[in-house]
Each structure stands twice: as structure tokens, then as C-alpha cells.
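# Inside the fold
Each chain, written out:
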Amino acid sequence: MVSPVIENLNLIRARIAKACQASGRSMNEVKLLLATKTVTADRITEVLLAGQTLIGENKVQEVRDKFEALKSVPHETHFIGHLQTNKIKDLLKYNVTCIQSLDRLELAERLHQRLASEARQMNVLLQVNTSFEASKFGASPDQIFDLVRRVSELETLHIKGLMTIGLLSADHAQVKKCFRLLKDIQSQIIAENIPGVEMNELSMGMSGDLEAAIEEGATIVRVGTAIFGQRMYPDSYYWNESLTSS
Ligand SMILES: *Cc1c(COP(=O)(O)O)cnc(C)c1O
């Protein structure tokens, strides 16, 4: 018997396949990232063993808590949450290969200092606030160009693309607008030809809106609830500064 989580995973794979087909894209162009906040290492392992390879965590504490249990299971971990500068040093202990939520110069500079002192480098995506909602992080669309240029000068950080959280709304057209805006920003950055800046990755789309994101060019979709079930905490717990103390 197939477990519910694996059943859900198969449904998501089918949705991704269908969305790719509908927009004439190859499935190889779209990676599935498992958004694993609040999910136990056992359940994550189950999905990794079913052929997935990429997880994303929102909190340094969760990366730390699950590190040992997941060590022997081949996978890659991206950081997708709001990163406080005082957590950088801790985060870098746990083999995170990409920080998708780089959204401000101060964070970039502090990351760079720390990485340089350890003689290391890091892949990053710059997070853009495409929905203009006050509760979400990300550089605003008019700040992002300056941020890309400044971060490109920090030689330990390799910019690979952009990330956004679309508007959480049932209004399909409004959600798509967010994804289209990220795609537009990507095109404009590519046109600037900034040395050292790659713009291949667009991380956008979640459980409720991955089809729209794939249609607009997503290369990474981040899916939590639709695979692992409802979380105990509302997303504002993860996305709201005043509540994220760890
Ligand atoms: C939780 C989370 C997701 C996944 O959201 P679901 O609606 O559960 O699929 C994606 N991206 C980020 C940044 C998240 O925090």
C-alpha cells in the first residue's frame, strides 16, 4: 500500500507534468523542492527515498534539528526562510547549498564576511516581493536591480536567479501577475549583463499556485502542504518578522 504522503507526491508530480505539457516545457526544466518546515525527518526521508532530491527549510533551528537524521539520505538543502544575520554562522554548519531568500544588502555583506573567513562560497537566489504585501520579505521590485549589482561584487556569493512568494489569493490573475513580474525582472537583469550574475533559476509556485508559476517560467516549485498535509502553525509564523525569533 502506498502511504498518503507518497500518494500526495505522485499527485504533485502529475500536476507538474501536466503544467509543463500545457506550456510546452520539458519536465526536466522544473525541479520540485520539498518545503519541509515542521515536517519530521522520518517523513522527509520517506519522500526522499521515493526519488526526490531537494528540500527547503525556513528556520535555522529546523535545519540543525534534522541534520543528523537526514545526513545519510542523499539530498540537497536550500534555505528559503527569513534569515537573521545573527543566525548566519549557525546555518553555515549544516551543508546548505543555496540561500534562496537573500533580500537585503546587510545580510549579503554579513554572509560574505562569514563565508570569506571560512574560505567558502555560496549559491544564492535574490528574493523579490512581487505581491507588495507588508508581511512578506523580499526586496521590492525597484530595489532589486541595485541589490543584484551590489551582491554581484561580493565574490563569495554566486547569484543563480530569483525567488518569490506569490500573492496568497484565490484571484488567479493577481497571482499570475506576481510570477510574470518576477520573470520580467529576470529578463531586465539578464539584459544588464552583470559580470558573475547567472539568472537561470526562477523559484516560484507553491501548493496552490504551481501551475501558474510553471506557465510563467518557474524552474523550482516549492511544495509543502500538498505533500505533507496542513501545518500546525499559520504561515505568518514563518513569514512575519515579529513572530520569527528563531
Ligand atoms: C511553506 C513555504 C512554501 C510551501 O508552501 P505550501 O503552500 O505549503 O506548499 C514555499 N515557499 C516558502 C518560502 C515557504 O515558506
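Cut-offs used in this document
Residues numbered from 1 in each chain as written. Predicted model: local features only at pLDDT ≥ 70, side-chain atom pairs only at ≥ 80, totals over all residues. Heavy atoms only, no water. Buried < 20%, exposed > 50% of the residue type's maximum accessible area, 1.4 Å probe, protein only. Helix = DSSP H or I, 4+ residues; strand = E, 2+ residues; numbered from the N terminus. Pairing = 2+ DSSP bridges. Right-handed = clockwise from strand over helix to strand, strands pointing away. Near = heavy atom within 4 Å. Polar contact = N/O pair within 3.5 Å; in protein donor to acceptor, adjacent residues only side chain to side chain. Areas by Shrake-Rupley, 256 points an atom, 1.4 Å probe, with all protein chains shown as cover. Nonpolar A, V, L, I, M, F, W, Y, C, P; charged D, E, K, R; others polar. Salt bridge = Lys/Arg side-chain N within 4 Å of Asp/Glu carboxyl O. pLDDT = per-residue confidence, 0-100. Contact = heavy atoms within 4.5 Å. Axes fitted to C-alpha atoms, helices over the stretch in contact; angles between N-to-C directions. Parallel < 35°, antiparallel > 145°, perpendicular 65-115°, else oblique. Left-handed = near helix turned anticlockwise from the far one by under 90°.

### Comments concerning the pairing of strand β5 (residues 122-127)
- Within β5, five of the six residues are buried, which leaves it mostly tucked inside the rest of the structure.
- Sheet analysis places strand β4 (residues 96-102) next to β5, joined by three bridges and oriented parallel. Paired with C98 across the two strands is N123, which belongs to β5.
- Following the chain from β4 across helix α5 (residues 105-117) to the adjacent parallel β5, one finds a crossover that is right-handed.
- In terms of strand pairing, β5 meets strand β6 (residues 157-163) through six bridges, oriented parallel. When the sheet's bridge partners are listed, Q127 is paired in β6 with M163.

### Re the site of the ligand
- Taken together, 13 residues sit near the ligand, with K37, N58, S207, T225 and R231 positioned nearest.
- For the ligand, an oxygen atom lies 2.6 Å from a polar atom in the side chain of K37.
- N58 is positioned such that a nitrogen or oxygen atom in its side chain is 2.7 Å from an oxygen atom of the ligand.
- Expressed as a share of its isolated accessible area of 380 Å², the protein-covered part of the ligand is 96%.
- Of the residues in the shell around the ligand, the class split is six nonpolar, four polar and three charged.

### Describing the pattern of salt bridges
- Within this structure, the stated rule accounts for 18 salt bridges.
- The salt bridge involving K71 is made with E68; its shortest N-O contact spans 3.4 Å.
- The exposure class of K71 is exposed, given its relative accessible area of 51%.
- We classify E68 as exposed; its relative accessible area is 55%.
- Two residues, D90 and K93, come together in a salt bridge whose shortest N-O distance is 3.3 Å.
- The exposure class assigned to D90 is buried, which follows from its relative accessible area of 13%.
- Since its relative accessible area comes to 54%, K93 is described here as exposed.
- Within the structure, one salt-bridge network assembled from shared partners comprises K176, R180, E215 and E216.

### Structural notes on the confidence of the model for the chain
- Mean pLDDT over the chain: 94, with 94% of residues reaching 70 or higher.
- Low confidence marks residues 242-246, where pLDDT is under 50. Its contacts with residues over four positions away, or in another chain, come to 13 contacts.

### Regarding the packing of helix α2 (residues 41-49) against helix α3 (residues 60-70)
- Viewed as axis vectors pointing N to C, α2 and α3 meet at an angle of 55°, and their least axial separation amounts to 10 Å. Taken together, the axes of α2 and α3 are oblique relative to one another. Considering the relative orientation of α2 and α3, their crossing is right-handed. Between α2 and α3, the contacting residues are A41, I44, T45 and L48 on the first element and K66, A69 and L70 on the second.

### Considering the environment of H112
- The residue H112 is located in helix α5 in this model.
- Sequence separation between H112 and R149 is 37 residues, and the spatial gap between their C-alpha atoms is 15 Å.
- When residues no more than four places from it in sequence are discounted, the contact partners of H112 are L154, E155 and T156.

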